[in-house]
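A closer look at the structure
Here are the chains, one letter per residue:
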Amino acid sequence: MNEDALDKLKLLNYEATFPRPLTRSHFALPASNASLQFQDFIDIVVYLIGRIKRDADFFKIDKYDDPNTSVNKMMLALRSLDYESEFPAAKLKAAHGEAVCSVLDFLTTKALDSDRFVFKMPKHNDSIEPEEMDADDDAMADDDEIEDEVEIKDEDDTMFQDANDENEFFSKENHQIIESNVDPIEWKTELERVGPRLRTNNNAVGKEWRSHINQTIKHSEQISTDLPTTESTLKTINNQLSSAVEKMKTKEKYLQTSFSHLTNEYQSVKAELSEIEEKHSSSNESVGNLTNELSTIAEQLAEVKGTMDSRGSSMTDTSPLVNIKAALQDIKVEINNFELRIGVVGQSLLSQQTSSTTNDIQVEAGDDDMDEEFE
């Protein structure tokens, strides 16, 4: 898919917009510089969507957007083009893999359809011999099976030629017709097994170096056309800069000689300022220490004032004496009550004793009367 997308980009003449060439596996495999690969992917997608919509402002990526925001914007633009994604948007952030290649393939196809590009049937030149056609296909790294077979045979011949020495190479046996002892069916099955791998590698290598050569020729022509004007411009700029530097040097010397006394005065004032700053810092430290001592003394003074106020208030307060007098009055009242109760109790006891004595006298008198009557 990466190779097909690159071919379609060449048909769209993307090289006129992107000076850096893209390889056949540029978006298929991870690159050494992941940020540069992601930026290339974003630039290609912006270019293709702008070409499809005929509007360069339809899909834009701000340079301050993070990769997640850029990928989400891309997915919205792809959905507007009826692209059905079967993968999460996070896979596009890697800028390589199947998801990225499928997006590029879809966009390049859409761009060709918007330009009404139609693939026509290839035109073959019948005057070219089959051997020349095979050699030309080998140089262009075509995907034909005959080309793979020719390449395998050439590699085998080269290997055998390197293995033999010069005497064996010029011997009679090497100039005879070579008869193969390999079974054709086994050879064909082995070719079917190994051919696709060789074809993929040969395609990538064969088409990649041609794009590099085309880019090199293009850059060489551009350099050769721009070099004279650039050299003359650079020379004029160099002359202007050198003259400006010389003027600056002479002006600097003049200023140094003219204002040397001011420089000396500035140095002396600067030294005095440094001394004053040192004194100021030391004074600030002493002021801080004295402020701390003052705060501690103020706290102690506040405590002493509090104790003195409490003692003075206690000395002038007569409430304890009033309380004592009231207590004494209560005690006197209670003493009077107790004395009254003691008198009442004594009187009751005296009355009881008197009544008991009277009863005893009456009993004795009654006994005496009874004795007298009996006698």
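Residues numbered from 1 in each chain as written. Predicted model: local features only at pLDDT ≥ 70, side-chain atom pairs only at ≥ 80, totals over all residues. Heavy atoms only, no water.

The name given to the chain in an unreviewed UniProt entry is Intraflagellar transport protein 57, with Triparma verrucosa as the source organism. Taken from UniProt, the Sequence similarities (unreviewed entry) comment for the chain reads in full: "Belongs to the IFT57 family." Entered under Subcellular location (unreviewed entry) in the UniProt record, the comment concerning the chain runs "Cell projection, Cilium". (UniProt positions renumbered as here; feature names shortened; annotations may be inferred.)

**Remarks on the overall build of the chain**
Helices and strands together make up the secondary structure of the chain, namely ten helices and zero strands. Helices and strands in the chain line up, N terminus first, as α-α-α-α-α-α-α-α-α-α. Counting only carbon and sulfur atoms, one obtains 56% of the accessible surface of the chain, whose full area is about 29,400 Å². (Helix = DSSP H or I, 4+ residues; strand = E, 2+ residues; numbered from the N terminus. Areas by Shrake-Rupley, 256 points an atom, 1.4 Å probe, with all protein chains shown as cover.)

**A short note on the nonpolar core**
Within the largest apolar cluster, 36 residues are counted, with the highest numbers of intra-cluster contacts made by Phe41, Ile44, Leu92 and Leu107. For this core, the elements supplying multiple residues, two or more each, are helix H1 (2-11), helix H2 (34-53), helix H3 (67-80) and helix H4 (98-114). A per-element tally of this core places H2 first, with nine residues. If near-sequence neighbours (up to four positions away) are discounted, leucine 92 is found in contact with Phe38, Phe41, Val71, Met74, Met75, Phe87, Ala99, Val100 and Val103. (Core = buried A, V, L, I, M, F, W, Y, C linked by side-chain atoms within 4.5 Å. Buried < 20%, exposed > 50% of the residue type's maximum accessible area, 1.4 Å probe, protein only. Contact = heavy atoms within 4.5 Å.)

**Here's the deal with the packing of aromatic side chains**
All told, the structure shown has two aromatic pairs when counted by the stated rule. Relative to phenylalanine 106, the ring of tyrosine 83 lies with its centre 4.8 Å away and its plane at 50 degrees, an arrangement referred to as tilted. Taken as a pair, tyrosine 83 in the loop between H3 and H4 and phenylalanine 106 in helix H4 lie far apart in primary sequence, 23 residues in all. Note on accessibility: tyrosine 83 and phenylalanine 106 belong to one class, buried. (Phe/Tyr/Trp six-rings, centres within 6.5 Å; stacked < 30°, edge-to-face > 60°.)

**Details of a negative patch on the surface**
A cluster of like negative charges, contributed by Glu272, Glu275, Glu277 and Glu278, occupies part of the molecular surface. In this fold, glutamate 275 is placed in helix H9 (residues 260-316). On the basis of relative accessible area, glutamate 275 is assigned to the partly exposed category, the value being 48%. (Patch = residues over 30% accessible without salt bridge, like charges linked within 9 Å, V, L, I, M, F, W, Y side chains within 5 Å. Salt bridge = Lys/Arg side-chain N within 4 Å of Asp/Glu carboxyl O. Lys, Arg positive; Asp, Glu negative; His and termini not counted. Charge placed at Lys NZ, Arg CZ, Asp CG, Glu CD.)

**Concerning unusual backbone geometry**
Positive phi values are uncommon outside glycine, yet aspartate 82 reaches one of about 65 degrees. The class of aspartate 82 is exposed, set by a relative accessible area of 64%. Phi is positive for alanine 95, which is not a glycine, with a value near 65 degrees. In this fold, alanine 95 is placed in the loop between H3 and H4.

**A few points about the packing of H2 against H3**
Remark: H2 packs on H3, axes separated minimally by 12 Å, with the N-to-C direction vectors making an angle of 25 degrees. In this view, H2 runs roughly parallel relative to H3, as classed from their interaxial angle. Judged by the sense of rotation from one axis to the other, the crossing of H2 with H3 is left-handed. On H3, the residues that touch Phe38, Phe41, Ile42, Val45, Ile49 and Lys53 of H2 are Pro67, Ser70, Val71, Met74, Ala77 and Ser80. Taken together, the residues of the contact of H2 with H3 sort by class into nine nonpolar, two polar and one charged. (Axes fitted to C-alpha atoms, helices over the stretch in contact; angles between N-to-C directions. Parallel < 35°, antiparallel > 145°, perpendicular 65-115°, else oblique. Left-handed = near helix turned anticlockwise from the far one by under 90°. Nonpolar A, V, L, I, M, F, W, Y, C, P; charged D, E, K, R; others polar.)

**Focus on the side chain of histidine 26**
Relative to the elements of secondary structure, histidine 26 occurs in the loop between H1 and H2. Each residue touching histidine 26, except ones within four places of it in the same chain, is listed here: Asn2, Gln37 and Asp40.

**Some thoughts on the pattern of salt bridges**
A complete count under the given rule lists three salt bridges for this structure. Close ionic contact of aspartate 7 with arginine 24 constitutes a salt bridge, the shortest N to O distance being 2.6 Å. Note that aspartate 7 is positioned in helix H1 and arginine 24 in the loop between H1 and H2, a separation of 17 residues in sequence. Owing to a relative accessible area of 8%, arginine 24 belongs among the buried residues under this scheme.

**Thoughts on H4**
Over its 17 residues, H4 extends 24 Å from the first C-alpha to the last, a length consistent with the 24 Å expected when each residue adds 1.5 Å. For H4, the complete set of buried residues consists of Ala99, Val100, Cys101, Ser102, Val103, Leu104, Phe106, Leu107, Thr108, Ala111 and Leu112. On its buried face, H4 is in contact with H1, H2 and H3. Downstream of H4 by a residue or two, arginine 116 has a phi angle that is positive, lying close to 55 degrees. (Expected span 1.5 Å × (residues − 1).)

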